[in-house]
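Here is what each chain is made of, one letter per residue.
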Amino acid sequence: MARLAQTAGLTDVQQEILSTVRDFVDKEIIPVATELEHRDEYPQQIVDGLKELGLFGLMIPEEYGGLGESLLTYALCVEEIARGWMSVSGIINTHFIVAYMLKQHGTQEQKEHFLPRMAAGDVRGAFSMSEPALGSDVSAITSKAVKDGDEYVLNGQKMWLTNGGTSSLVAVLVRSDEGHPEGTAPHKSMTTFLVEKEPGFGEVRPGLTIPGKIDKMGYKGVDTTELIMDGLRIPADRVLGGVTGRGFYQMMDGVEVGRVNVAARGCGVAQRAFELGVRYAQQRHTFGKAIAQHQAIQFKLAEMATKVEAAHAMMVNAARKKDSGERNDLEAGMAKYLASEYCKEVVEDAFRIHGGYGFSKEYEIERLYREAPMLLIGEGTAEIQKMIIGRRLLEEYRFQG
């Protein structure tokens, strides 16, 4: 789709990276994605290919063995990968968020210890905020860390970890009242711990259990899990940044760039849905002509393409704003909100264009139809994005009266 979702002002290096990723997606992901998804099979061969391309270190600084690329470059790569299979982009995203948090907030020792191995793809990251009784209400976290000598003892249950089984490093957000007097605001008494573990399921280190994969409607292949901490001992030097009480801000910084990622995923899935819809509309004939010649279908295609283009533009704007060093929570919230909503609508329109065949597992659109809803809730629901957008707008347009 040469005319849709183009990005002006890219360097030669960025264009070369994107061309390489696009070729990989067309040759190595799209041909096998639906089959692997139906089997809920982890795409090990695809992940190994991304490792060889250096994608796991795309935004990690060169001094730690990464490529040192921008958020924009990363987001455009995610867009391409999600176009092939959204689950693969999820495998990279959680890893990227942990690496970003380490780069921005880690101690020098933590950066030197983790980032080179993360850049090589030898250490895979996951992060954990949600719990069984909470999602968006992060301040209600009940998992807790208690200081015991030179260690902390962690207890609690976490939920919805992408890469929970395959990761070897998890950034876990818990309550840590030590050093924070009673009455301290909840978000000021949270700490992020860097938890190293063995990949796999069951007890992956003493006191830490990954029970198994959660069976999902879509977003298959990638492992989504719980995490249970029961007397898990973590050294004090594995507090992200070396100081307790900063975890909420560290996680929110990570989620902010994660929202650009989710927007990029929405753009990629929507692009693929449009490709499938416009192709099928030219192949399927009714009343003596291709259904693409019917005005109703042309209207639908026009709306789909416009939504793809608009979502892509907002995603690029949010990434560039963050790369400039400016605050981008408004732009990231808008991009995530619009891209996820438009993705759902474009996928549904492509599904309608396919008619009865869209309901068949033989057609790729069936998979996209089950995957798109995840983007409506990942990295914050539409309602959360609207709250962020509304508050920021009131800051920007404060009435002086």
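What counts, and at which threshold
- Residues numbered from 1 in each chain as written.
- Predicted model: local features only at pLDDT ≥ 70, side-chain atom pairs only at ≥ 80, totals over all residues.
- Heavy atoms only, no water.
- UniProt positions renumbered as here; feature names shortened; annotations may be inferred.
- Helix = DSSP H or I, 4+ residues; strand = E, 2+ residues; numbered from the N terminus.
- Contact = heavy atoms within 4.5 Å.
- Core = buried A, V, L, I, M, F, W, Y, C linked by side-chain atoms within 4.5 Å.
- Buried < 20%, exposed > 50% of the residue type's maximum accessible area, 1.4 Å probe, protein only.
- Phe/Tyr/Trp six-rings, centres within 6.5 Å; stacked < 30°, edge-to-face > 60°.
- Lys NZ or Arg CZ within 6 Å of the ring centre and 35° of its normal.
- Arc of directions from axis to C-beta.
- Expected span 1.5 Å × (residues − 1).
- Bend = angle between axes of the 7 residues up to and from the residue.
- Pairing = 2+ DSSP bridges.
- Axes fitted to C-alpha atoms, helices over the stretch in contact; angles between N-to-C directions.
- Parallel < 35°, antiparallel > 145°, perpendicular 65-115°, else oblique.
- Nonpolar A, V, L, I, M, F, W, Y, C, P; charged D, E, K, R; others polar.

Where an unreviewed UniProt entry is consulted, the chain appears under the name Acyl-CoA dehydrogenase family protein, with the organism given as Streptomyces sp. 900105755. Its UniProt record, at the heading Sequence similarities (unreviewed entry), says of the chain: "Belongs to the acyl-CoA dehydrogenase family." For the record of the chain, the UniProt heading Cofactor (unreviewed entry) holds the text "FAD".

Novice: Would you explain the environment of Ala292 in this entry?
Specialist: Mapped onto the elements of the fold, Ala292 is located in the loop between β10 (289–290) and α7 (295–323). Between the alpha carbons of Ala292 and Asp253 there is a distance of 45 Å; along the sequence they are 39 residues apart. Apart from residues no more than four positions distant in its own chain, Ala292 is found in contact with Ala281, Gln282, Ile297 and Gln298.

Novice: What should I look at first to understand the nonpolar core in this one?
Specialist: The tendency in soluble globular proteins is for nonpolar side chains to be buried side by side. Core analysis: the biggest nonpolar cluster contains 104 residues, and Ile29, Leu50, Leu102 and Met118 have the highest contact counts within it. Examining the composition of this core, we find that 17 residues originate from one element, helix α6 (residues 247–283), more than from any other. Dropping the residues within four chain positions of it, Leu50 is found in contact with Phe24, Leu55, Phe56, Ile81, Val88 and Ile92. Counting 18 residues, the second-largest nonpolar core is a separate cluster that includes Ala145, Leu154, Val195 and Met229.

Novice: Would you mind showing me how to read the packing of aromatic side chains here?
Specialist: The geometry of an aromatic ring pair is captured by the separation of the ring centres together with the interplanar angle, meaning the angle of the planes. The full count for this structure, using the stated rule, is eight aromatic pairs. Seen in terms of ring centroids, Tyr152 and Phe193 are 5.2 Å apart; in terms of plane orientation they differ by 65°. Their pairing is edge-to-face. A residue pair is termed long-range when its members are at least 10 positions apart, and Tyr152 in strand β3 (residues 151–162) and Phe193 in strand β5 (residues 190–196) qualify at 41 residues. With relative accessibility at 0%, the residue Phe193 sits in the buried group. On the basis of an interplanar angle of 45° and a centroid distance of 5.4 Å, the ring pair of Tyr357 and Tyr363 is categorised as tilted. Accessibility expressed as a relative area gives 40% for Tyr357, which makes it partly exposed. Counting every residue linked through ring pairs, the aromatic cluster contains Tyr74, Phe96 and Tyr100. When the ring centre of Phe56 is taken as origin, the NZ or CZ atom of Arg124, which lies over that ring, is 4.7 Å away.

Novice: Honestly, helix α2 (residues 44–53) in this entry has me stumped. Any pointers?
Specialist: Because each turn of an α-helix spans 3.6 residues, side chains separated by three or four positions end up pointing in the same direction. When we look at burial in α2, the residues that qualify are Ile46, Val47, Gly49 and Leu50. Each buried residue of α2 sits inside an arc of 155° when the element is viewed along its axis, so together they form one side. For α2, the exposed residues set more than 90 degrees away from the buried face come down to Gln45 and Glu52. On its buried side, α2 packs onto α1 (12–39), α3 (71–84) and α4 (86–105). Gly54 lies just past α2 and shows a positive phi near 85°.

Novice: Where do I start with α1 in this structure?
Specialist: End to end, α1 covers 39 Å across 28 residues, agreeing with the expected 40 Å (1.5 Å per residue, within 8%). Of all the bends in α1, the greatest measures close to 50° and is centred on Ala33. In this fold, the buried residues of α1 make contact with α2, α3, α4, α6 and α9 (364–375). Immediately beyond the C-terminal end of α1, within one or two residues, lies Asp40, with a positive phi of roughly 55°.

Novice: What am I meant to see in the pairing of strand β4 (residues 169–175) here?
Specialist: Sheet faces and side chains relate simply in a regular strand, where the side chains alternate between the two faces. Most of β4 sits out of view: six of its seven residues are buried. As defined by bridge partners, strand β1 (residues 125–128) adjoins β4 across four bridges and the pair is classed as parallel. Bridging from a neighbouring strand, Gly125 pairs with Leu169 of β4. In terms of strand pairing, β4 meets β5 through seven bridges, oriented antiparallel. Considered in β5, the bridge of Leu173 is made with Thr192.

Novice: Please clarify how the UniProt feature "domain: Acyl-CoA dehydrogenase/oxidase N-terminal" (unreviewed entry) in the chain should be interpreted in this entry.
Specialist: Those residues carrying the UniProt feature "domain: Acyl-CoA dehydrogenase/oxidase N-terminal" (unreviewed entry) are residues 11–122 in this numbering. From the first C-alpha to the last, residues 11–122 spans 29 Å; its make-up is 75% helix and 0% strand.

Novice: Just to check I follow, could you spell out the UniProt feature "domain: Acyl-CoA dehydrogenase/oxidase C-terminal" (unreviewed entry) in the chain for this structure?
Specialist: Per the UniProt annotation, the sites labelled "domain: Acyl-CoA dehydrogenase/oxidase C-terminal" (unreviewed entry) are residues 245–394. Taken as a whole, residues 245–394 contains 77% helix and 3% strand, while its terminal C-alpha atoms sit 28 Å from one another.

Novice: I keep staring at the packing of α1 against α2 and nothing clicks. Help me out?
Specialist: Helix-helix packing: each pair is described by the crossing angle between the helix axes and the interaxial distance. Two elements in contact, α1 and α2, have axes separated by 11 Å at closest approach and are oriented at 170°. When the axes of α1 and α2 are compared, the pair comes out roughly antiparallel. Across from Thr20, Phe24, Glu28, Ile29, Val32 and Leu36 in α1, the residues of α2 making contact are Ile46, Gly49, Leu50 and Leu53. Grouping the amino acids of the contact of α1 with α2 by side-chain chemistry returns seven nonpolar, two polar and one charged.

Novice: I tried to follow unusual backbone geometry on my own but got confused; where do I start?
Specialist: Negative phi values dominate among residues other than glycine, just as trans dominates among peptide bonds. Non-glycine residue Ala5 carries a positive phi angle of around 55°. As for its position among the elements, Ala5 is in the segment before α1. Its identity as a non-glycine residue notwithstanding, Tyr219 has a phi of 55°, on the positive side. Mapped onto the elements of the fold, Tyr219 is located in the loop between β7 (208–210) and β8 (224–235).

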